Amino acid sequence: MLVNGAVITGKGAAKVGRTPEEIEQIRNILRGRFDDINAEYEEAVAENQKLRLVEIGDAAGDDQADSGSKTAERDAATSLLRTLLDRRTQAEHAMARLDDGTYGNCEGCSNPIPWERLEVFPSATTCVHCKQNRERRAG
Ligand SMILES: [Zn+2]
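Residues numbered from 1 in each chain as written. Predicted model: local features only at pLDDT ≥ 70, side-chain atom pairs only at ≥ 80, totals over all residues. Heavy atoms only, no water.

Enquirer: Run through the UniProt feature "zinc finger region: dksA C4-type" (unreviewed entry) in the chain, naming residues and quoting values.
Expert: Mapped onto the present numbering, the UniProt feature "zinc finger region: dksA C4-type" (unreviewed entry) falls at residues 106-130. A helix fraction of 36% and a strand fraction of 0% characterise residues 106-130, whose end C-alpha atoms lie 8 Å from each other. (UniProt positions renumbered as here; feature names shortened; annotations may be inferred. Helix = DSSP H or I, 4+ residues; strand = E, 2+ residues; numbered from the N terminus.)

Enquirer: Explain the UniProt feature "domain: Zinc finger DksA/TraR C4-type" (unreviewed entry) in the chain to me, using residue names and the numbers behind them.
Expert: Within this structure's numbering, the places UniProt gives as "domain: Zinc finger DksA/TraR C4-type" (unreviewed entry) are residues 101-136. Note that residues 101-136 is 42% helix and 0% strand, and that its end C-alpha atoms are spaced 28 Å apart.

Enquirer: So what's going on with the coordination of the zinc ion? Residues and values would help.
Expert: For the zinc ion, every protein donor is listed as Cys106 (SG), Cys109 (SG), Cys127 (SG) and Cys130 (SG), and the spread of their distances is 2.3 to 2.4 Å. Of note is the zinc ion, whose four donor atoms meet at the metal with angles of 101 to 116° in an arrangement that counts as tetrahedral. Here the donor residues for the zinc ion map to a single chain with the spacing C-x2-C-x17-C-x2-C. Of this pair, cysteine 109 sits in the loop between α2 (64-99) and α3 (115-120) while cysteine 130 sits in helix α4 (residues 128-138), and the two are 21 residues apart along the sequence. Exposure remark for cysteine 109: the relative accessible area of 31% places this residue in the partly exposed category. Owing to a relative accessible area of 11%, cysteine 130 belongs among the buried residues under this scheme. (Donors = N, O, S within 2.8 Å, 3.2 Å for Na, K, Ca; no water. Tetrahedral: all angles 85-135°; square planar, octahedral: opposite > 155°, others 65-115°. Buried < 20%, exposed > 50% of the residue type's maximum accessible area, 1.4 Å probe, protein only.)

Enquirer: For the environment of isoleucine 113, give the residues involved together with the corresponding values.
Expert: Checked against the element boundaries, isoleucine 113 lands in the loop between α2 and α3. For isoleucine 113, a relative accessible area of 4% gives the class buried. The sequence separation of isoleucine 113 and alanine 124 amounts to 11 residues, and the corresponding C-alpha distance is 8.4 Å. Beyond its immediate chain neighbours, meaning those up to four positions away, isoleucine 113 contacts Gly104, Asn105, Cys106, Leu118, Ala124, Thr125, Thr126 and Cys127. (Contact = heavy atoms within 4.5 Å.)

Enquirer: Any details on the packing of aromatic side chains? Residues and values, ideally.
Expert: Applying the stated criterion across every chain yields a total of zero aromatic pairs. The ring of tyrosine 41 is capped by arginine 88, whose NZ or CZ atom sits 4.8 Å from the centre of that ring. (Phe/Tyr/Trp six-rings, centres within 6.5 Å; stacked < 30°, edge-to-face > 60°. Lys NZ or Arg CZ within 6 Å of the ring centre and 35° of its normal.)

Enquirer: Quick rundown of the layout of surface pockets? Include the residues and the values.
Expert: The volume enclosed by the largest pocket comes to roughly 460 Å³. Lining the largest pocket are 17 residues; nearest its centre among them are Gln90, Arg117, Ala124, Lys131 and Glu135. Elements supplying a minimum of two residues to the lining of the largest pocket: α2 and α4. Here the lining of the largest pocket gets five residues from one element, more than from any other, and that element is α2. For the lining of the largest pocket, the residue count by class is three nonpolar, six polar and eight charged. (1 Å grid on protein atoms, 1.4 Å probe; cavity = no way out; pocket = protein on both sides within 12 Å on 5 of 7 lines; lining within 4 Å. Points joined across faces, edges and corners; volume = space filled by probe spheres on them. Nonpolar A, V, L, I, M, F, W, Y, C, P; charged D, E, K, R; others polar.)

Enquirer: Account for the nonpolar core, with residues named and values stated.
Expert: One broad trend across soluble globular proteins is that nonpolar side chains are buried collectively. In terms of nonpolar packing, the biggest core is built from 14 residues, with Ile26, Leu30, Leu98, Tyr103, Cys106 and Leu118 touching the most fellow members. Of all elements in the fold, only α1 (20-58) and α2 reach the threshold of two or more residues within this core. It is α2 that contributes the most residues to this core, four residues altogether. Every residue in contact with tyrosine 103, bar those within four places of it in the chain, is listed here: Arg18, Ile26, Leu30, Ala94, Arg97, Leu98, Leu118 and Pro122. (Core = buried A, V, L, I, M, F, W, Y, C linked by side-chain atoms within 4.5 Å.)

If you want it as structure tokens, here you go:
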């Protein structure tokens, strides 16, 4: 099969486009991440439900301090769930971008995301600069 792709002669930061092998490799990494996060998420959901059941079970006998620490525990569990869900969505999103060929380009400024960043954060869909801008706006 003839792959209609540009021949890549540059190296390092100047490199544009990826070989099918590289895309396959990235896809595997992302899928692995997705599966890991998913497993962790399901575990956290189960843990969260257990926590709630215990809570319902002995809510009657609680004093103030006890219910306070339980609220903290539940808050921590909830924020873990949210983080995992975010990361799962992010990995899913990166895979979708891999499919439509936009992976590796920043969603904010559409400049190529440095390869070194993608190596560390394979599910990153924005460059460091746009990520910081986004977080500033969200926070
Ligand atoms: Zn950007």
